[in-house]
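Here are the chains, one letter per residue:
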Amino acid sequence: TFYMDHNSRTTSWEKPKTRTDGLYAALGPLPDGWEMRYKNGRPFFIQHRTKTTTWHDPRQENPLPDGWEMRINHADGRVFYVDHTTKSTQWEDPRLHKESS
């Protein structure tokens, strides 16, 4: 497998490190029995004890709503949010809307 950087139009045999990886690493280690994997570039979490999967990071007390993902803008390092249901993005954390409703 090789990897393509569409911004620089270069290829590499080594998997690139992303800022998203750093974002998840900053949350600390996963609880026992949990593993993080990626599907189509989006992280998901496996609970091996119960043999279940979830899009919600078990390290977060207040997870994002279903269908949402947090990413980092590579240009400036700002966090933004992706709504996979509506295929839209926004800068504001969707959990803020949920709490105020």
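Up top is the structure.
Residues numbered from 1 in each chain as written. Predicted model: local features only at pLDDT ≥ 70, side-chain atom pairs only at ≥ 80, totals over all residues. Heavy atoms only, no water.

With that out of the way, let us pick up the sheet that holds strand β5 (residues 52-54). Pairing between sheet strands relies on hydrogen bonds along the backbone, with the strands arranged either parallel or antiparallel. Spatially, three strands are ordered β3-β4-β5 in an open sheet, and the strand pairing comes out antiparallel. Whereas interior strands pair on both sides, the edge strands pair on one side only; in this sheet they are β3 (34-39) and β5. The mean angle between the axes of side-by-side strands here comes to 30°, regardless of whether they run parallel or antiparallel. Sheet topology places β3 next to strand β4 (residues 42-47); six bridges connect them, and they run antiparallel. Directly across from W34, in β4, lies its bridge partner Q47. (Pairing = 2+ DSSP bridges. Helix = DSSP H or I, 4+ residues; strand = E, 2+ residues; numbered from the N terminus. Axes fitted to C-alpha atoms, helices over the stretch in contact; angles between N-to-C directions.)

Read from one edge of the open sheet, three strands run β6-β7-β8, paired in antiparallel fashion. Where the open sheet ends on each side, the last strands, each with one partner, are β6 (68-72) and β8 (88-90). Ignoring strand direction, the axes of neighbouring strands in this sheet form an average angle of 30°. Of the pairings in the sheet, the one linking strand β7 (residues 79-83) to β8 comprises three bridges and is antiparallel in character. Looking at β8, one finds that V82 is bridged to T89.

A few words now on the packing of aromatic side chains. One pass over the full model with this rule turns up two aromatic pairs. Aromatic pair F44 and W55: ring centres 6.1 Å apart, planes at 70°, arrangement edge-to-face. Residue F44 is located in strand β4, and its partner W55 is located in the loop between β5 and β6; the two are separated by eleven residues in the primary sequence. On the basis of relative accessible area, F44 is assigned to the buried category, the value being 17%. Plain terms: the ring middles of F80 and W91 are 6.0 Å apart, the flat faces sit at 70° to each other, and that makes the pair edge-to-face. In this pair, F80 sits in strand β7 while W91 sits in the loop between β8 and α2 (94-100), placing the two residues eleven residues apart along the sequence. A relative accessible area of 18% means that F80 is categorised as buried. Using a relative accessible area of 43% as the deciding quantity, one classes W91 as partly exposed. Between the NZ or CZ atom of R78 and the centre of the ring of W91, over which it lies, the distance is 3.6 Å. (Phe/Tyr/Trp six-rings, centres within 6.5 Å; stacked < 30°, edge-to-face > 60°. Buried < 20%, exposed > 50% of the residue type's maximum accessible area, 1.4 Å probe, protein only. Lys NZ or Arg CZ within 6 Å of the ring centre and 35° of its normal.)

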